[in-house]
Amino acid sequence: MHPNIAIINGHPYAESYCTALSEAYKKGAIASGSAVRSIHIGSLDFEPNLKFGYSKRMDLEADLLAAQETIRWADHLVFVYPIWWGTVPAVMKGFIDRVFLPGFAYKTRPNSAMWDKLLKGKSARLIVTMDSPSWYYRLVYKQAGHLIMKRGTLQYSGINPVKITELGPIKSSTDKQREKWLAKVEALGVKRS
């Protein structure tokens, strides 16, 4: 069976290396027979600030309603983004705040600390670019951004397993190294993982 795949590019700049990685994954996934939809968060028209917290609901813009429909449709979610200040870019955090809402991603239970995970049955892959070496991110930052995305957002919503591919350091990488990473990500798309 070929899964439906949603590729979510969290880099705000359309001509970023993350966009090239998103396209490489897409190329591999399509070649393997999967249906693919792409979301480039930086090109969406939405208010990234959850202005009232959870005390008052904001109407979802058309782009966010379409994003929710794509996430519902997908069997496998692929998030491609850089680590900035130890975590995801601000526009991606705003996207998560506005899209992964109660009633869509999870549902709280009255008088209980437990919740219902509404996105069960889906898997995810995080393809993350970094300027720091993996060992530094692991030892100094305790992989905080990875844990927030994997456990605090995706697994909290029922998405499991969540696999992580780190690529970096980007800043000091050569064109040859970047080509190797593109080939690696395309191969992940072929395997649909």
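Heads up: the structure comes first, above all this text.
Source: prediction; values computed, not measured. (Residues numbered from 1 in each chain as written. Predicted model: local features only at pLDDT ≥ 70, side-chain atom pairs only at ≥ 80, totals over all residues. Heavy atoms only, no water.)

J.: I keep staring at the side chain of Ser123 and nothing clicks. Help me out?
T.: Locating Ser123 in the fold gives a position in strand β6 (residues 123-129). When neighbours within four sequence positions are excluded, Ser123 is seen to be in contact with Asp75, His76, Leu77, Ile159, Asn160 and Pro161. (Helix = DSSP H or I, 4+ residues; strand = E, 2+ residues; numbered from the N terminus. Contact = heavy atoms within 4.5 Å.)

J.: Even after reading the chapter, I still don't get the side chain of Thr129, so can you show me in this structure?
T.: Within the secondary structure, Thr129 sits in strand β6. Given the relative accessible area of 6%, Thr129 is considered buried. With residues near it in sequence (within four places) discarded, Thr129 still touches Tyr17, Cys18, Leu21, Tyr81, Pro82, Ile83, Leu167 and Ile170. (Buried < 20%, exposed > 50% of the residue type's maximum accessible area, 1.4 Å probe, protein only.)

J.: Help me understand the environment of Leu50, please; the structure alone is not making it clear to me.
T.: Along the polypeptide, Leu50 turns up in the loop between β2 (35-40) and α2 (62-73). Overall, Leu50 belongs to the buried group, its relative accessible area being 16%. If we ignore the near neighbours within four places in the chain, the residues touching Leu50 are Met58, Asp97, Arg98 and Leu101.

J.: Hey, could you run me through the sheet that holds strand β3 (residues 76-82) in this one?
T.: Within a beta sheet, neighbouring strands are joined by backbone hydrogen bonds and run either parallel or antiparallel to one another. Strands sit in the order β2-β1-β3-β6-β7 across an open sheet of 5 strands; the sheet is parallel. The open sheet is flanked by β2 and β7 (162-167), the only strands paired with a single partner. Strand after strand, the sheet turns through a mean of 15° between neighbouring axes, direction not considered. The sheet contact formed by β6 and β7 spans 6 bridges and is parallel. (Pairing = 2+ DSSP bridges. Axes fitted to C-alpha atoms, helices over the stretch in contact; angles between N-to-C directions.)

J.: Explanation requested: the nonpolar core in the structure shown.
T.: Across soluble globular proteins, you tend to see nonpolar side chains buried next to one another. Membership of the largest hydrophobic core comes to 32 residues, with the highest contact counts inside it found for Phe79, Tyr81, Phe95, Phe100, Met149 and Leu154. Those elements that place two or more of their residues in this core are β1 (4-9), α2, β3, α3 (90-99), β6 and α5 (144-154). Among the elements that line this core, the one with the most residues is α3, at 4 residues. Once residues lying within four places of it in the same chain are set aside, the contact partners of Tyr81 are Gly10, Cys18, Val88, Pro89, Met92, Leu126, Ile127, Val128, Thr129 and Met149. The next biggest cluster of nonpolar side chains, apart from the first, holds 18 residues, and it includes Leu21, Val36, Val80 and Leu182. (Core = buried A, V, L, I, M, F, W, Y, C linked by side-chain atoms within 4.5 Å.)

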